[in-house]
Amino acid sequence: RKEVEQDPGPFNVPEGATVAFNCTYSNSASQSFFWYRQDCRKEPKLLMSVYSSGNEDGRFTAQLNRASQYISLLIRDSKLSDSATYLCVGSRSNFGNEKLTFGTGTRLTIIP
Amino acid sequence: DGGITQSPKYLFRKEGQNVTLSCEQNLNHDAMYWYRQDPGQGLRLIYYSQIVNDFQKGDIAEGYSVSREKKESFPLTVTSAQKNPTAFYLCATRGGSGVFGKLFFGSGTQLSVL
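Described in the following lines is the structure provided in the data block. The model shown is predicted, which means the values in this text are computed figures rather than measured ones. (Residues numbered from 1 in each chain as written. Chains lettered and ligands numbered in written order. Predicted model: local features only at pLDDT ≥ 70, side-chain atom pairs only at ≥ 80, totals over all residues. Heavy atoms only, no water.)

**Observations regarding the overall build of chain A**
Secondary structure summary: chain A contains zero helices and 11 strands in total. Listed N to C, the secondary structure of chain A is β-β-β-β-β-β-β-β-β-β-β in terms of helices and strands. Relative to the compact-globule value of 13 Å for 112 residues, chain A shows a C-alpha radius of gyration of 14 Å, a close match. Principal-axis analysis of the C-alpha atoms places the extent of chain A at approximately 50 × 30 × 25 Å. A burial count over chain A gives 43% of its 112 residues as buried. Excluding contacts between residues fewer than 6 apart, the proportion of contacts in chain A whose partners are at least 24 apart in sequence is 55%. Accessible surface, chain A: about 5500 Å² in total, of which carbon and sulfur atoms supply 47%. Averaged over its 13 positive side-chain charges, chain A has a centre that lies 4 Å from the centre of its 11 negative ones. (Helix = DSSP H or I, 4+ residues; strand = E, 2+ residues; numbered from the N terminus. Rg over C-alpha atoms; globule rule 2.2 N^0.38 Å. Buried < 20%, exposed > 50% of the residue type's maximum accessible area, 1.4 Å probe, protein only. Contact = heavy atoms within 4.5 Å. Areas by Shrake-Rupley, 256 points an atom, 1.4 Å probe, with all protein chains shown as cover. Lys, Arg positive; Asp, Glu negative; His and termini not counted. Charge placed at Lys NZ, Arg CZ, Asp CG, Glu CD.)

Below, the structure is given as structure tokens:
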């Protein structure tokens, strides 16, 4: 089982809709999480950090459920510009170092 | 401008050739990373460095080498031993403390084999 898993999608969602997708993690030692968005052939860009129960930034809400070991990302009032791949990242300590583990990404397409 | 600069944007390698990808940062971050991304796959860690003159192998280090002689620079060499080098290579730095630190990425280098 992969340490961080995401549904690869694609999710095709009409403009203005609300969309949510989850990221599950298998290592309970993971302490913090991040959502990045990545456009095709571009670098990932940080969208949100999730350290405790959740975080909200405008139309985006991230929630962490430690009991069930998943992080969710909710996008409200979706825009065409939200079309991208969303990467989930888990961070934990690993023998004195910090280990980051990436999911394979969830592809989102917003349809006009 | 503050940030991470990767060069070149596109690179072509002939069989048996070593090539070097450049990564420079002026964010004053100690930790630097090299990732490889293949189509439809997640990022895989090649090498990382948490301090000058020290670096560690990641999950897929075979066929690659790095150096960290300066805080600002973390070049990656793709050697002829790497038999499948075609991929998108991303350099990153990490700011903040410990497991709460955030990754910042350069714009990437697309490496292809001729």
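**A word on the sheet that holds strand β6 (residues 54-57) of chain A**
Hydrogen bonds along the backbone pair up the strands of a sheet, which may run parallel or antiparallel. Residue and element names in this part refer to chain A. If you trace the five strands from one edge of the open sheet to the other, you get β1-β3-β8-β7-β6, paired in antiparallel fashion. At either end of the open sheet lies a strand with only one pairing partner, and these are β1 (4-6) and β6. Ignoring strand direction, the axes of neighbouring strands in this sheet form an average angle of 15°. Sheet topology note: the β6/strand β7 (residues 60-65) ladder contains four bridges and is antiparallel. The residue bridging Gly54 from the neighbouring strand is Gln63, located in β7. (Pairing = 2+ DSSP bridges. Axes fitted to C-alpha atoms, helices over the stretch in contact; angles between N-to-C directions.)

**Looking at the sheet that holds strand β3 (residues 19-25) of chain B**
Residue and element names in this part refer to chain B. Read across the open sheet, the four strands follow the order β1-β3-β8-β7; overall the sheet is antiparallel. Of all the strands in the sheet, just β1 (4-7) and β7 (64-66) have a single pairing partner and so form its edges. Neighbour-to-neighbour, the strand axes of this sheet turn through a mean angle of 20°, independent of strand direction. Two elements, β1 and β3, share four bridges in a ladder whose sense is antiparallel. Bridged to Ser7 within β3 is Ser22.

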